[in-house]
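Observations on the three-dimensional arrangement
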Amino acid sequence: MSQPGRNDEEEDLSPEEPDKRPRRGPLARAFKVLGGFILLAGLAGLVAVVLYAIPLDRTVREKFEGKRWALPARVYARPLELYIGAPLTPEELAAELKRLDYRSVAQPLRPGTFERDAGDFLIRTRAFQFWDGAEPERFIALHISEGQIDTLADARGDGEELALVRLDPVLIDSIYPSHNEDRVLVRAQDLPPLLIDTLKAVEDRTFGTHFGVDPLAILRASIKNFQAGAVVEGGSTLTQQLVKNFYLTDERSLRRKVNEALMAILLEMRYPKDDILEAYANEIYLGQDGSRAIHGFGLASRFYFNRDLGELGIPETALLVALIKGPSYYDPRRHPERAIERRNLVIDIMADQGVVDPAQAADAKAAPLGVGEKGGRPGGSYPAFTDLVRRQLKRDYREEDLRSEGLIIFTTLSPTIQGIVEQSIRERLPDLEKLRKFKPGTLEGAAVVVSAAQGEVLALAGGREAGYAGFNRALEAIRPIGSLVKPMIYIEALNTPEKYNIASPLRDQGVSLATGDGKRWEPKNYDGRSHGSVPLYLALAKSYNLATVNLGLELGLDRVAHRFQELGVQRDFDKVPAMLLGSISLAPVEVAQVYQSIASGGFRAPLRAIREVLNTQGEPLNRYPLAVEPASSPQAAFLLTWAMREVVQQGTATWLKQRLPKELTVAGKTGTTNELRDSWFAGFSGDKVIVTWVGRDDNQPTGLTGGTGALRVWGDIMASIDTQPLPDYPPDGITMVSVDRYNGRRAPKGCGRALTMPFDDEALPTRTSDCGAAPPPEPAAAESTAAAPPPPPKEEKKSSEGGIGSFLRDFLGY
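All figures in this text were calculated on a predicted structure; none of them were measured in a lab. (Residues numbered from 1 in each chain as written. Predicted model: local features only at pLDDT ≥ 70, side-chain atom pairs only at ≥ 80, totals over all residues. Heavy atoms only, no water.)

**Observations concerning unusual backbone geometry**
Unlike most non-glycine residues, Asn306 shows phi in positive territory, near 55 degrees. Here Asn306 shows up in the loop between helix H9 (297–305) and helix H10 (314–322). Look at Asn306 and you get buried, because its relative accessible area is 14%. (Helix = DSSP H or I, 4+ residues; strand = E, 2+ residues; numbered from the N terminus. Buried < 20%, exposed > 50% of the residue type's maximum accessible area, 1.4 Å probe, protein only.)

See below:
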């Protein structure tokens, strides 16, 4: 009978009966304690890993989500624009395509290829992002005949006529980061599928499924490496490789390997596979070009093949992936045998993994390496022009931004005109050295070509060695400009039409002025003679010093100096009478600014070498629009231009009449300094301004006047570029009047001295010439602004059709 307070179970477990429950022995209790410790240790380890991973995660996020790379600025020339009627020869187009690394093929199937048959072209253009929108990839057919494009059509479909096609511009410079890493960013969506599949097949076959590390791959590599007794296979995933290159140093330690694995896992946890693949494709190191490190497949494609990534075929893609294992060891330029062996191994893997079929693999393995020689550098060496670009950029951007923000800079450079300028200097200077019996290399030169209306610098050469990045004479050779100053004085006079017109008589008479040091300034004409009363236009055409000085003194030095500044002279100079004969010193690019103001009809457009600047996303950052300011009345500018045309017709630049096409009318002015040290010519056509200088770096005499030195280079350039003649129609406020060329009065019918000249409507001639007196003798041209004429240089006798007089005119430039 059970007792109160006890249940049946308790009765069944009375002391008299044995306890049948299993009892834990000491071993079981030990395992239980050990398990507890392991659990606690695991938890502690997990907490430790989490705590250790927190700063790693912060590092992963900050760098991956921030600015990943310091990107170089890219500087481009102006693009070649194709349209019906565009002036272009087949040779010029072929040269531009060569600069752009377009490949001549039998059938253009890929961007960056073309087929040519005389003047017929089939071109697969490349897509390009310009400042005003994207230019798509196109397949175009064009025909060039008689120096211009006469057909331009889409080569696909029904052959629709195209209004305008822009080729991608030539890369002319890169401004690299301080550590000299270079890369061309490629977005994930722009990575070719062939490259992605090859990369996965060779480097990481489980990329799509692993979580940052691949334990099976690590185990497999460890076994193979143990069996081989050396490292023959790696087990790192693409994510681990990215972490190693992007975040970590080259240190070999267990801690670095742990960090690599943890950061790879964190990277995979936070970001999509496409983002990781994009970062890898842009970060991977693939070669060295001197001090420039080649990173990413985008730049490597250009570096090795001079082609965009999307233009590569199987053998080229295989080579890029092959280089991952060892860019230096497998360098295809230095070790082509190793590169071919490694490339072919990659192609075998591509075939085994089904990336390509066996036939494609066989063809790819038989292909040559196809590596170009240029190494993806800028498409031309233009250090003088890019020097000007960098100077203008530094006014608007910090140096660190230029070296890290990946700016895309579009310039005004015309590679075609630049090539002509360089060739003209290179070929003409040796001829001048032979003429003066100088040893080769004695003379130097500089030239600037500017668009007349916009002030865009189209070409700039700083010396006879165009690719030499040394002393840039176009910007830094500050030399006296001699008679180039005279048009600046004459235009000041012509801006006062009530007092001066194109035929106003000027006194070409001696001047003697005290200089303040007890001496007197007494300038002379080049021929040592005075010519009495001379019409204004003729005084300029013949470059008479005395007429110019008297005119300048009449106007006043302050007025003349102010006009200099209005025309674009920004440099300080002494306001002394000698400035009237060019004692002020300017660089060729500064002279180009002055003559642009004249050539544009009196409107100064500050010279610019930059059109637009974009950021890495293709968004405009800074525009460099056309800014025009009045520098003279249009009427005075036209009158001066007419007078400067007479410099070519009957003055110191008559040599141009035999060098230029008859229909090409130009205007200009020669300039020569004391002792024939500097030879200048500045002039313009209807749309181009050119300034040339020839001299010596040691500032010794050259024996050359403006007409026998710089003029020859100028003529070679002007004769070779596409340009328009000066317009014959005058602006409003100008009337053409037939006058006596010697006194500026209206010419009666039958006057043998009649010449039609432009006059300001406010100053039309009213008196009529009698034309009865015998015409005065034709004054000789005067070239130099020297105080006294130097002895004429001795010259070997030459036979010529025009006799000695013709020879002297040719030599002295009149």
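**Remarks on a negative patch on the surface**
Among the surface-exposed residues, Asp117, Asp120, Glu146 and Asp150 lie close enough to one another that they form a single negatively charged patch. Checked against the element boundaries, Glu146 lands in the loop between strand S8 (139–145) and strand S9 (148–154). (Patch = residues over 30% accessible without salt bridge, like charges linked within 9 Å, V, L, I, M, F, W, Y side chains within 5 Å. Areas by Shrake-Rupley, 256 points an atom, 1.4 Å probe, with all protein chains shown as cover. Salt bridge = Lys/Arg side-chain N within 4 Å of Asp/Glu carboxyl O. Lys, Arg positive; Asp, Glu negative; His and termini not counted. Charge placed at Lys NZ, Arg CZ, Asp CG, Glu CD.)

**Some thoughts on the side chain of Glu422**
In this fold, Glu422 is placed in helix H15 (residues 415–436). Not counting residues within four places of it along the chain, the set of residues in contact with Glu422 comprises Ser381, Tyr382 and Ala466. (Contact = heavy atoms within 4.5 Å.)

**Here's the deal with the sheet that holds strand S17 (residues 457–461)**
One open sheet holds the 5 strands; their spatial order is S17-S16-S30-S29-S28, and the pairing between them is antiparallel. The open sheet has two edge strands, S17 and strand S28 (667–672), and neither has a second partner. In this sheet, neighbouring strand axes are inclined to one another by 5 degrees on average, regardless of whether the strands run parallel or antiparallel. Bridge count for S28 against strand S29 (residues 679–684) is 6 bridges, and the pairing is antiparallel. Bridging across to S29, Thr670 finds its partner in Phe681. (Pairing = 2+ DSSP bridges. Axes fitted to C-alpha atoms, helices over the stretch in contact; angles between N-to-C directions.)

**Here we look at the sheet that holds S9**
With mixed pairing, 5 strands are arranged side by side in an open sheet as S3-S4-S5-S8-S9. The sheet is open, and its two borders are formed by strand S3 (103–104) and S9, each paired with just one other strand. As paired elements, strand S4 (residues 113–117) and strand S5 (residues 120–124) share 5 bridges and run antiparallel to each other. Looking at S5, one finds that Arg116 is bridged to Phe121. Strands in contact with helix H3 (residues 90–99) are S4, S5 and S8; relative to S5, the strand with the most contacts, it is inclined by about 20 degrees.

**Some words on the state of the cysteines**
Taken as a whole and assessed by the stated rule, the structure comprises 1 disulfide. Each sulfur in the disulfide pair Cys751 and Cys771 lies 1.7 Å from the other. Negative torsions about the S-S bond denote left-handed disulfides, and the value of about -50 degrees found for Cys751 with Cys771 makes this one left-handed. With Cys751 in the loop between strand S31 (734–740) and strand S32 (754–760) and Cys771 in the loop between S32 and helix H25 (803–812), this residue pair connects regions lying 20 residues apart in the sequence. Look at Cys751 and you get buried, because its relative accessible area is 11%. (Disulfide = S-S within 2.5 Å.)

**Regarding the environment of Gly707**
Looking at where Gly707 falls in the secondary structure, it is placed in the loop between strand S30 (688–695) and helix H24 (710–720). By relative accessible area, which is 0% here, Gly707 ends up buried. For the pair Gly707 and Trp680, spaced 27 residues apart in sequence, the C-alpha to C-alpha distance is 8.0 Å.

**Topic: the side chain of Arg473**
Structurally, Arg473 can be placed in helix H16 (residues 473–476). Reaching out from Arg473, the side chain makes a polar contact with the side chain of Asp697 at a distance of 2.7 Å. (Polar contact = N/O pair within 3.5 Å; in protein donor to acceptor, adjacent residues only side chain to side chain.)

**Description of helix H13 (residues 383–393)**
The buried fraction of H13 amounts to 8 of the 11 residues, a majority that puts the element mostly inside the structure. Taken residue by residue, H13 has Pro383, Ala384, Phe385, Thr386, Leu388, Val389, Gln392 and Leu393 as its buried positions.

**Here's the deal with the pattern of salt bridges**
Under the criterion given, the structure shown has 40 salt bridges. Arg391 is the salt-bridge partner of Asp387, the closest N and O atoms lying 3.0 Å from each other. In this pair, Asp387 and Arg391 both sit in helix H13, 4 residues apart, roughly one turn of the helix. The partner of Asp527 in a salt bridge is Arg529, and the shortest N-O contact between them spans 3.4 Å.

**Things to note about the environment of Gln593**
Note that Gln593 resides in helix H21 (residues 588–599). Overall, the relative accessible area of 10% leaves Gln593 in the buried class. Taking C-alpha positions, Gln593 is 5.9 Å from Gly568, a pair spaced 25 residues apart along the chain. Residues contacting Gln593, with those up to four places away along its chain left out, are Leu567, Gly568, Arg604, Ala605, Pro606 and Leu607. Side chain to side chain, Gln593 and Gln596 meet in a polar contact 3.2 Å long.

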